[in-house]
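Chain by chain, the residues run as shown.
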Amino acid sequence: MSSVKERLRKLYANGCEFTWTGQICHVAGERDCHRCIRVRVWGAGKNSSALQADLLSKAVLPWGCATDCNYPTPKDVRTVIDYALAHGWDPHLIGGTFFLSESGHASAFELADFLLTDRLRDEGAPDPTTRVFRAFDENPIPPIPAPSVKPSPED
């Protein structure tokens, strides 16, 4: 897990104020490691039931560990909140955590740049590399061109 201080953010949805944070992590796969953002959301104060979703970046990069810069947008977090509310999360309960898990929700939930993963909580969860490659094959993102280098006058 990252040691960077987490920043609390506010989001307004369905007439309520939600507080959320994202923690940058990495998860190991069979053939690669992947960026993962652990999103936690509270809807009724710090003692309320938290919502947690571990979002696995879909980025496929040409070098080892996929250290891309994907981070969930407020729109992504709103989508996570809306889905969780529709699937049983009650933010007004006191204590506990509602997990959007890969095993329970991945077949019905996906974001443009992220998949759900259980690998941060369970090392025996499905291989994230296989899932990322499959998502990339289904919707390839054009590669970012390398910056052009102009020859110096001495060349």
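Structure shown above.
Asks: Any chance you could explain the side chain of Asp127 here in plain terms?
Replies: Mapping Asp127 onto the fold places it in the loop between β6 (114-116) and α3 (128-138). For the buried Asp127, no salt bridge is present, and the opposite-charge side chain at shortest range is Arg119, 4.4 Å distant. A polar contact of 2.9 Å, which involves the side chain of Asp127, links it to the backbone nitrogen of Glu30. Within the local environment of Asp127, its side chain forms a polar contact with the backbone nitrogen of Thr129, the two atoms lying 3.1 Å apart.

Asks: I'm lost on the environment of Leu115 in this one. Help?
Replies: As for its placement among the helices and strands, Leu115 is situated in strand β6. Considering only alpha carbons, one finds Leu115 and Val132, 17 residues apart in sequence, at a separation of 7.9 Å. Beyond its immediate sequence surroundings of up to four residues, Leu115 is in contact with Asp54, Leu55, Leu56, Lys58, Glu110, Arg131, Val132 and Ala135.

Asks: Looking at this model, I keep getting lost on the pairing of strand β3 (residues 33-42). Mind explaining?
Replies: Two faces make up the sheet, and in a regular strand the side chains alternate between them. Across the 10 residues of β3, eight count as buried, placing the element largely inside the fold. Counting the residues that bridge the hairpin from strand β2 (residues 16-28) to β3 gives four residues. Summarising the sheet, β3 and strand β4 (residues 50-57) pair through seven bridges and their orientation is antiparallel. By the bridge assignment for β4, Trp42 is matched with Ala50.

Asks: Mind showing me how you'd approach helix α1 (residues 74-86) here?
Replies: Each turn of an α-helix holds 3.6 residues, which means side chains three or four residues apart point in the same direction. Compared with the 18 Å implied by 1.5 Å per residue over 13 residues, the 18 Å span of α1 between its first and last C-alpha is a close match. Those residues of α1 not exposed but buried are Asp76, Val77, Val80, Ile81, Tyr83 and Ala84. Looking straight down α1, one finds that the buried residues subtend no more than 165 degrees of arc, so they occupy a single side. Across from the buried face of α1, at angles greater than 90 degrees, the exposed residues are Pro74, Lys75 and Ala86. Gly88 occupies a position one or two residues after α1 and carries a positive phi of about 110 degrees.

Asks: I keep staring at the pattern of salt bridges and nothing clicks. Help me out?
Replies: Where charged atoms from two side chains of opposite charge approach closely, those side chains can pair. Throughout the structure, instances matching the rule amount to six salt bridges. In this structure, the salt-bridge partner of Glu17 is Lys10, at a minimum N-O distance of 3.5 Å. The partner of Arg78 in a salt bridge is Asp82, with the nearest N and O atoms 3.1 Å apart. Within this pair, Arg78 and its partner Asp82 are both found in helix α1, separated by four residues, close to a single helical turn. A relative accessible area of 30% means that Arg78 is categorised as partly exposed.

Asks: Just to check I follow, could you spell out the environment of Ser48 for this structure?
Replies: Looking at the secondary structure, you find Ser48 in the loop between β3 and β4. Here Ser48 is in contact with Trp42, Gly43, Pro91, Leu93, Ile94, Gly95 and Gly96, once residues within four sequence places are set aside. Of the polar contacts made by the side chain of Ser48, one reaches the backbone oxygen of Gly45; its length is 2.6 Å.

Asks: How should I be thinking about α3 in this particular structure?
Replies: Taken residue by residue, α3 has Pro128, Thr129, Arg131, Val132 and Ala135 as its buried positions. One face of α3 carries all of its buried residues, which in axial projection span an arc of 165 degrees. Counted as exposed and oriented over 90 degrees from the buried face of α3: Asp137 and Glu138. Lining the buried residues of α3 we find β2, β3, β4, α2 (102-105) and β6. N-cap assignment for α3: the residue whose side-chain oxygen lies 3.1 Å from the backbone N of Thr129 is Asp127.

Asks: I'm lost on the nonpolar core in this one. Help?
Replies: Taken as a class, soluble globular proteins show a tendency for nonpolar side chains to be buried jointly. Counting residues in each nonpolar core, the largest one holds 22 residues, and the members touching the most others are Val41, Leu51, Ile81, Trp89 and Leu100. Of all the secondary-structure elements, those providing two or more residues to this core are β1 (9-13), β2, β3, β4, α1, β5 (97-100) and β6. Element by element, the count of residues in this core is highest for α1, at five residues. If near-sequence neighbours (up to four positions away) are discounted, Trp89 is found in contact with Phe18, Val41, Gly43, Ser49, Ala50, Leu51, Ile81, Ala84 and Phe98. Val27, Leu115, Val132 and Ala135 belong to the second-largest nonpolar core, a separate cluster that totals seven residues.

Rules used in this analysis
- Residues numbered from 1 in each chain as written.
- Predicted model: local features only at pLDDT ≥ 70, side-chain atom pairs only at ≥ 80, totals over all residues.
- Heavy atoms only, no water.
- Helix = DSSP H or I, 4+ residues; strand = E, 2+ residues; numbered from the N terminus.
- Buried < 20%, exposed > 50% of the residue type's maximum accessible area, 1.4 Å probe, protein only.
- Lys, Arg positive; Asp, Glu negative; His and termini not counted.
- Salt bridge = Lys/Arg side-chain N within 4 Å of Asp/Glu carboxyl O.
- Polar contact = N/O pair within 3.5 Å; in protein donor to acceptor, adjacent residues only side chain to side chain.
- Contact = heavy atoms within 4.5 Å.
- Pairing = 2+ DSSP bridges.
- Expected span 1.5 Å × (residues − 1).
- Arc of directions from axis to C-beta.
- Core = buried A, V, L, I, M, F, W, Y, C linked by side-chain atoms within 4.5 Å.

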